[in-house]
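Structural overview for review
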Amino acid sequence: MLDNLNWWEIGALLLLALLIFGDKLPTVINDGLRLVRNLRNMARNATGDLSRELGTDIQLEDLHPKAFIRKHLLSEEDEAAIRKPLQGVYDNLRADVSSVHDDLKDVASAADLRSNGTGPGTATSSSSPAPAPRVSYDDAT
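Residues numbered from 1 in each chain as written. Predicted model: local features only at pLDDT ≥ 70, side-chain atom pairs only at ≥ 80, totals over all residues. Heavy atoms only, no water.

1. So, the overall build of the protein
Broken down by element type, the protein carries six helices and zero strands. Seen in sequence order, the protein has helices and strands lined up from the N terminus as α-α-α-α-α-α. A burial count over the protein gives 4% of its 141 residues as buried. Summing over all exposed atoms, the protein offers an accessible surface of approximately 13000 Å²; the carbon and sulfur share of this is 61%. (Helix = DSSP H or I, 4+ residues; strand = E, 2+ residues; numbered from the N terminus. Buried < 20%, exposed > 50% of the residue type's maximum accessible area, 1.4 Å probe, protein only. Areas by Shrake-Rupley, 256 points an atom, 1.4 Å probe, with all protein chains shown as cover.)

2. Regarding the pattern of salt bridges
A complete count under the given rule lists two salt bridges for this structure. Taking the shortest distance from any N to any O, the salt bridge between Arg 52 and Asp 49 comes out at 2.2 Å. Remark: Asp 49 and Arg 52 occur in helix H2 (residues 25-54); sequence separation between them is three residues, near one turn of the helix. What makes Arg 52 exposed here is its relative accessible area of 62%. (Salt bridge = Lys/Arg side-chain N within 4 Å of Asp/Glu carboxyl O.)

3. Focus on helix H1 (residues 7-21)
Spanning 15 residues, H1 covers 21 Å between terminal C-alpha atoms, matching the ideal 21 Å at 1.5 Å per step. The distance from a side-chain oxygen at the start of H1 to the backbone nitrogen of Trp 8 is 3.1 Å, and the residue carrying that oxygen is Asn 6. Following H1 by one or two positions, Gly 22 adopts a phi angle in the positive range, close to 65 degrees. (Expected span 1.5 Å × (residues − 1). Polar contact = N/O pair within 3.5 Å; in protein donor to acceptor, adjacent residues only side chain to side chain.)

4. Remarks on H2
Look at H2: 44 Å from first C-alpha to last across 30 residues, which is about the 44 Å you get at 1.5 Å a residue. Along H2, the residues classified as buried are Leu 25, Thr 47 and Ser 51. Considering only its buried residues, H2 is in contact with H1. (Contact = heavy atoms within 4.5 Å.)

5. Overview of a nonpolar patch on the surface
Residues Leu 13, Leu 16, Ile 20, Phe 21 and Val 28 make up a contiguous nonpolar surface patch of roughly 450 Å² in combined accessible area. The element contributing the most residues to the nonpolar patch is H1, with four residues. Here Leu 13 shows up in helix H1. Judged by relative accessible area, Leu 13 falls into the partly exposed class, the value being 47%. (Patch = residues over 30% accessible without salt bridge, like charges linked within 9 Å, V, L, I, M, F, W, Y side chains within 5 Å.)

6. Observations concerning the environment of Leu 74
You can see Leu 74 is positioned in the loop between helix H3 (65-73) and helix H4 (76-111). What makes Leu 74 partly exposed here is its relative accessible area of 27%. Residues contacting Leu 74, with those up to four places away along its chain left out, are Ile 69 and Ile 82.

Rendered as structure tokens:
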């Protein structure tokens, strides 16, 4: 959450919090931490109640609808039956994409002027001068 803040920015935020809240800052921090602890306990109690009602062990991550259905309502055979019609489409699409990728690699290697040393439409002769190296902006300044 605070990965993009450096030490100076964090210090400035703490100083700003001290200026806004003054002597009440420790109590505000304690109230905030108490709120977070209470929210965690409420979530833990809700998942425990739901586990008892459904008769299965449910974690907080299992409450996502897709994960819940996959874990608790579908058997492995049902999941395989659902995936079977789409697996052929997926395999065909993957084969098409890989062939297009290979074709693009071939075109890129044929068009790469540095790899074969000749440009398109130029005759290959040993008397043609080599292209001048590019001068970068840093070299010119």
